Amino acid sequence: MRLSGQSSAASSGQRERAVGWKPVCRPPREVRPDSTRREPRGEVSPCGAPPLPALSDKPEWNRDFEKRPPSMLCFWHGVGGFCFFGQARRSWPSLPGAPLDRGAVERKRDGEVYDHGSGLSHKKEYSTMQIFNTLTRQKEEFVPQVPGEYRIYVCGPTVYNYIHIGNARPLIVFDTLRRYLEYRGNKVIYVSNITDIDDKLIKKGQEEGTSMKEVAQRFEAEYLKDAAGLNCKKPTVQPRATEHIQQILDIVKDLIESGHAYVAKNGDVYFRVKSDPEYGKLSHLKLDDLESGNRELRSQMEDDLKEDPADFAVWKAAKPGEPAWESPYGMGRPGWHIECSAMSRTHLGKTIDLHCGGQDLIFPHHENEIAQSECANGCEFARYWMHNGFINVDNQKMSKSLHNFFTVRDVANLYGYEPIRYFMLTAGYRMPLNYTVDLIESCKNSLERLYTCRENLDFALSKTDFGTDETLKEKAAEARTKFCTAMDDDLNTPDALAAVFDLVKEINTLSAASSKAALETAAAAFDEITGVLGLMYNRKKDEVPAEVTELVEKRAAAKKAKDWAAADAIRAQLTEMGWAVKDTAQGPQLSKL
C-alpha cells in the first residue's frame, strides 16, 4: 500500500537502484475489505470543476500550475483546475511546469555520487534522460529494467474514421522519443496497437450497412497512410485487439478467480474497483469522486447489473447484430480497457518500462489498465507514464459542432504532412498546443529554411575549391550537445529545434570559407539531429538536364562579359523550364521550382 505523498514502491525504491533492476512479480493482490481500502488523494473544486488533486504535499508541482498563463487557469484556483471555453476541466498532472530544482540533488549509482546540476559523477561523466512521470508527478531519470533496452507501449487509434490532428500528436511525439532513444544507442521495443473492436466501429458499420471488420480494415489502411506521411516509424509490433481474444479471456479468468471481477446476470464481466486499494493512483483522485468510463454501457443496462457504479466492463455480453466470441460466460466481446492490458502483456511482458498516450486517456482508460493488469499479474504494470497535452484550434476546443474539426488528411492536402510533424514539435509535449492556419504556414516556412540550408551545404560540397576554416566542426559539436541536452530534459523539442536553427545560422555564415572536412562535419550533424526529430524526409536530389547546365554556363559567361541583357534573358528561359538560379560566392546555384 502506498501512502499519500509517496511514490510507488518501484519509483521510491527500485528506481533508486543501479541499472539492471528487474521486477519480481508477487502473487495477485488479495481483495481487501472496504474498511482497509486506501483513499487516493483528491479534493473537490468549489468552482464546480471535476475533483482536483491534493497539492499541499507537492510544492514543486504547485509551482507548475502557478507558472501557467493566467488565461488558462480556473478563476478560483491559482493551482489546480483550469477552464476551457466555459467548461471546467481537470488539470491533469501531465501538463507542463517549471523544471524541478535538481542542482543540489545527489543520488548514489554504482558506488558513485551523481550531481544532477552539473551532470557529472565524481568518477566519470554520466548522462541520463529525464522524463515527467504522470504517476509520481515529477521528472525522473528514465532508467529501463534491462540496460540499453526500452519496452514502450503507446495507445493507438480506434480505426473508425480518419485520424484528426489531435490523434497525430501522440503519434509524432512518442515516435520522436523512440528515435532519440535509438539515436543514443538503445534498443527500443515499441508496441502501438490498433483497436479494431469498439462501440464506435460497430455503430459505423451499421450506419454504412457494412460490417465492423470492413470499417476497421478500411480506416486502418488510411491510418497507416497518414502515419507514413508523418514519417512515423513502424512499431516493432502493431497488434490488433481482435487477434488477442484468448489473451483477454485469460486475464478475465484470472481476475474472476482472484475476486477482482465478477460475472453479472446477463453475462457481462465487471472489474470490482473497490477490490483494488490502489485504484486512482495515476489520476490522483478519490475513488468516491471518480466517474466510470462506461456511461453509455450503463445507460443501456439495468441498475442491478453492477455492484458499484464505478465498476467497469472487462467482457461484454453479446447483443444482436454485434460481433462476438465464445467465452465461459457466453458469447461476447472484450471491454475497451482490457484490450491494451492483454496486448501489452503479450508483446512486452507483465511489467513495461513506459506507457504513453494522450492526456485524455489518464482516466479512465489508463487508470483501469493499471488496476486490471496489476491485480491479474501481481506486479507493477508500467514504471513510467507519459501523456501529451490537448490540441486546440484557434484557441477553442476542437469540435465538429464548432466546425473546427480537422483531420490529418485535410491539413496534409493543403500543406503537406511534414509541416504537421514540425508543428507538433514546436511546443513541449505536455503543453496544450493551439492550431491556427498562420502557425502551420509558419512551420512550412521554417522547414523551407532548413531545406535551403541543406541544399546550400550540398552545393558547397559539390565545388572543387574549398576554404581552410575549421570553425564549423566546433559549431557542429556544440549543436549536438545542445540538442541532446534539450532532449534529455523531458523531450524538450522546442529547445532541440532551437539547437538546429543555431547550427543553420552558423552554416549560412561560415560555409563559404570552410574546409571540405568542416562542411562534411556540419552536414553530418545537421542530418543527425533533424533525423532524430523525423524531419527533412522529403529531400530529393534533382537531376539537372544537360541543356540547363549549358544555359547556366552561358549565363555565367554573359555576366562575365557584362552582357546583362543576355544574362537576364537566360535567367527568364531557365525559369520557364522550371529552374531557379541563384548567384553565390561559390558560383551559380540551381534549384527546382
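Residues numbered from 1 in each chain as written. Predicted model: local features only at pLDDT ≥ 70, side-chain atom pairs only at ≥ 80, totals over all residues. Heavy atoms only, no water.

Undergrad: Is there a simple way to think about the overall build of the chain in this case?
TA: Scanning the chain from N- to C-terminus turns up 17 helices and 20 strands. The buried share of the chain, taken over its 593 residues, is 53%. Long-range pairs, those at least 24 residues apart, make up 74% of the contacts in the chain with a sequence separation of at least 6. Per element, the accessible surface of the chain, about 26400 Å² overall, is 50% carbon and sulfur. (Helix = DSSP H or I, 4+ residues; strand = E, 2+ residues; numbered from the N terminus. Buried < 20%, exposed > 50% of the residue type's maximum accessible area, 1.4 Å probe, protein only. Contact = heavy atoms within 4.5 Å. Areas by Shrake-Rupley, 256 points an atom, 1.4 Å probe, with all protein chains shown as cover.)

Undergrad: Looking at this structure, I do not really get the sheet that holds strand β12 (residues 312-317). What am I missing?
TA: Think of a sheet as strands paired side by side through backbone hydrogen bonds, with each pair either parallel or antiparallel. The antiparallel open sheet is built from four strands, whose spatial order is β10-β11-β12-β13. For this open sheet the edge positions go to β10 (261-263) and β13 (332-334), each flanked by a neighbour on one side alone. Shown here is a sheet whose adjacent strand axes are inclined to one another by a mean of 20 degrees, direction ignored. Here three bridges tie β12 to β13, and the two strands are oriented antiparallel to one another. By the bridge assignment, Trp 315 is partnered in β13 with Pro 334. (Pairing = 2+ DSSP bridges. Axes fitted to C-alpha atoms, helices over the stretch in contact; angles between N-to-C directions.)

Undergrad: Please explain the packing of helix α4 (residues 199-208) against helix α5 (residues 212-229) as it appears in this structure.
TA: In the contact formed by α4 and α5, the axes pass within 8 Å of each other and the chain directions differ by 105 degrees. Viewed along their axes, α4 and α5 adopt a mutual orientation that is roughly perpendicular. Packed against α4, whose contacting residues are Leu 201, Ile 202, Lys 204, Gly 205 and Glu 208, the element α5 presents Met 212, Val 215, Ala 216, Arg 218 and Phe 219 at the interface. For the contact of α4 with α5, the class distribution of residues is six nonpolar, one polar and three charged. (Parallel < 35°, antiparallel > 145°, perpendicular 65-115°, else oblique. Nonpolar A, V, L, I, M, F, W, Y, C, P; charged D, E, K, R; others polar.)

Undergrad: Got a minute to help me understand helix α8 (residues 336-348) in this structure?
TA: Side chains of residues three or four places apart in an α-helix project in the same direction, reflecting 3.6 residues per turn. For α8, which comprises 13 residues, the first-to-last C-alpha distance of 19 Å matches the rise-based estimate of 18 Å (1.5 Å per residue) to within 8%. Along α8, the residues classified as buried are His 337, Ile 338, Glu 339, Cys 340, Ser 341, Ala 342, Met 343, Ser 344 and Leu 348. The positive-phi residue at the C-terminal boundary of α8 is Gly 349, with phi of around 100 degrees. (Expected span 1.5 Å × (residues − 1).)

Undergrad: What am I meant to see in the nonpolar core here?
TA: The nonpolar side chains of soluble globular proteins are, as a tendency, buried together. Leu 450 and Phe 483 are the most contacted members of the largest nonpolar core, which has 107 residues in total. Contact partners of Phe 483, with chain neighbours within four places excluded, come to Tyr 180, Ala 496, Ala 499, Ile 529, Val 532 and Leu 533. (Core = buried A, V, L, I, M, F, W, Y, C linked by side-chain atoms within 4.5 Å.)

Undergrad: Quick question: what am I supposed to make of the sheet that holds strand β15 (residues 382-388) here?
TA: If you walk across this open sheet you meet the four strands as β9-β8-β14-β15, and the pairing is parallel. What marks the edges here is a single partner per strand, and that holds for β9 (187-192) and β15. When strand polarity is set aside, the average angle formed by the axes of neighbouring strands in this sheet is 20 degrees. With six bridges connecting them, strand β14 (residues 352-358) and β15 associate as parallel partners. In the strand pairing of β15, Gly 358 is matched with Asn 388. Across the face of the sheet, helix α3 (residues 165-183) comes into contact with β8 (149-154), β9, β14 and β15 while running at roughly 165 degrees to β9.

Undergrad: Looking at this structure, how should I read helix α17 (residues 564-576)?
TA: Spanning 13 residues, α17 covers 18 Å between terminal C-alpha atoms, matching the ideal 18 Å at 1.5 Å per step. Taken residue by residue, α17 has Ala 567, Ile 570 and Leu 574 as its buried positions. The arc enclosing the buried residues of α17, seen along the axis, measures out at 65 degrees, which places them on a common side. Residues of α17 that are exposed and point over 90 degrees away from its buried face: Ala 565 and Glu 576. For α17, the elements touching its buried residues are α16 (546-560) and β19 (579-584). Where α17 ends, the next residue or the one after it, Gly 578, has phi of about 95 degrees, a positive value. (Arc of directions from axis to C-beta.)

Undergrad: Quick question: what am I supposed to make of the packing of aromatic side chains here?
TA: Each aromatic ring pair is described using two quantities: the centre-to-centre distance and the angle formed by the ring planes. Taken as a whole and judged by the stated rule, the model has ten aromatic pairs. A centroid spacing of 6.3 Å and a plane angle of 35 degrees characterise the contact between Tyr 180 and Tyr 183, whose relative ring orientation is tilted. In this pair, Tyr 180 and Tyr 183 both sit in helix α3, three residues apart, roughly one turn of the helix. When its relative accessible area of 28% is taken as the criterion, Tyr 183 is described as partly exposed. Members of the aromatic cluster, connected to one another through ring pairs, are Phe 142, Tyr 150 and Tyr 384. (Phe/Tyr/Trp six-rings, centres within 6.5 Å; stacked < 30°, edge-to-face > 60°.)

Undergrad: What is the right way to read unusual backbone geometry from this model?
TA: Most peptide bonds adopt trans geometry, and most residues besides glycine take a negative phi value. In the segment running from Phe 363 into Pro 364, the intervening peptide bond is cis, with an omega of 10 degrees. Counting through the fold element by element, Pro 364 comes out in helix α9 (residues 362-377). Of note, Arg 137 is a non-glycine position whose phi angle comes to about 60 degrees, a positive value. The residue Arg 137 is located in the loop between β6 (130-133) and β7 (138-141) in this model. A positive phi is found at His 284, a non-glycine position, where the angle reads about 60 degrees. Assignment of secondary structure puts His 284 in the loop between β11 (269-271) and α7 (295-299).

Undergrad: I keep staring at the state of the cysteines and nothing clicks. Help me out?
TA: Two cysteines, two sulfur atoms, one covalent bond between them: this is a disulfide. Taken as a whole and assessed by the stated rule, the structure comprises zero disulfides. Unpaired in terms of disulfides, Cys 155 finds its nearest cysteine sulfur in Cys 340, a separation of 3.9 Å. Classification of Cys 155 as buried rests on a relative accessible area of 13%. Classification of Cys 340 as buried rests on a relative accessible area of 2%. (Disulfide = S-S within 2.5 Å.)

Undergrad: Before we go on, may I ask you to explain the side chain of Thr 134 in this structure?
TA: For Thr 134, the location among the structural elements is in the loop between β6 and β7. Take Thr 134: its relative accessible area is 0%, and that puts it in the buried class. Reaching out from Thr 134, the side chain makes a polar contact with the side chain of His 387 at a distance of 2.9 Å. (Polar contact = N/O pair within 3.5 Å; in protein donor to acceptor, adjacent residues only side chain to side chain.)

Undergrad: Can you help me understand the side chain of Arg 179 in this one?
TA: The residue Arg 179 is located in helix α3 in this model. By relative accessible area, Arg 179 is classed as buried at 15%. When sequence neighbours within four positions are dropped, the list of residues in contact with Arg 179 reads Asn 231, Lys 233, Arg 421, Gly 531, Val 532 and Gly 534.

Undergrad: Just to check I follow, could you spell out the pattern of salt bridges for this structure?
TA: A pair can form between side chains of opposite charge whenever their charged atoms are brought close. Enumeration according to the criterion identifies 31 salt bridges in this entry. Between Glu 374 and Lys 281 there is a salt bridge, with its nearest N and O atoms 2.9 Å apart. Placement of Glu 374 in helix α9 and of Lys 281 in the loop between β11 and α7 is noted, with a sequence separation of 93 residues between them. In this structure Lys 281 comes out as buried when scored by relative accessible area, which is 6%. Counted as one network, the salt bridges with shared partners bring together Asp 199, Lys 316, Glu 322 and Arg 333. (Salt bridge = Lys/Arg side-chain N within 4 Å of Asp/Glu carboxyl O.)

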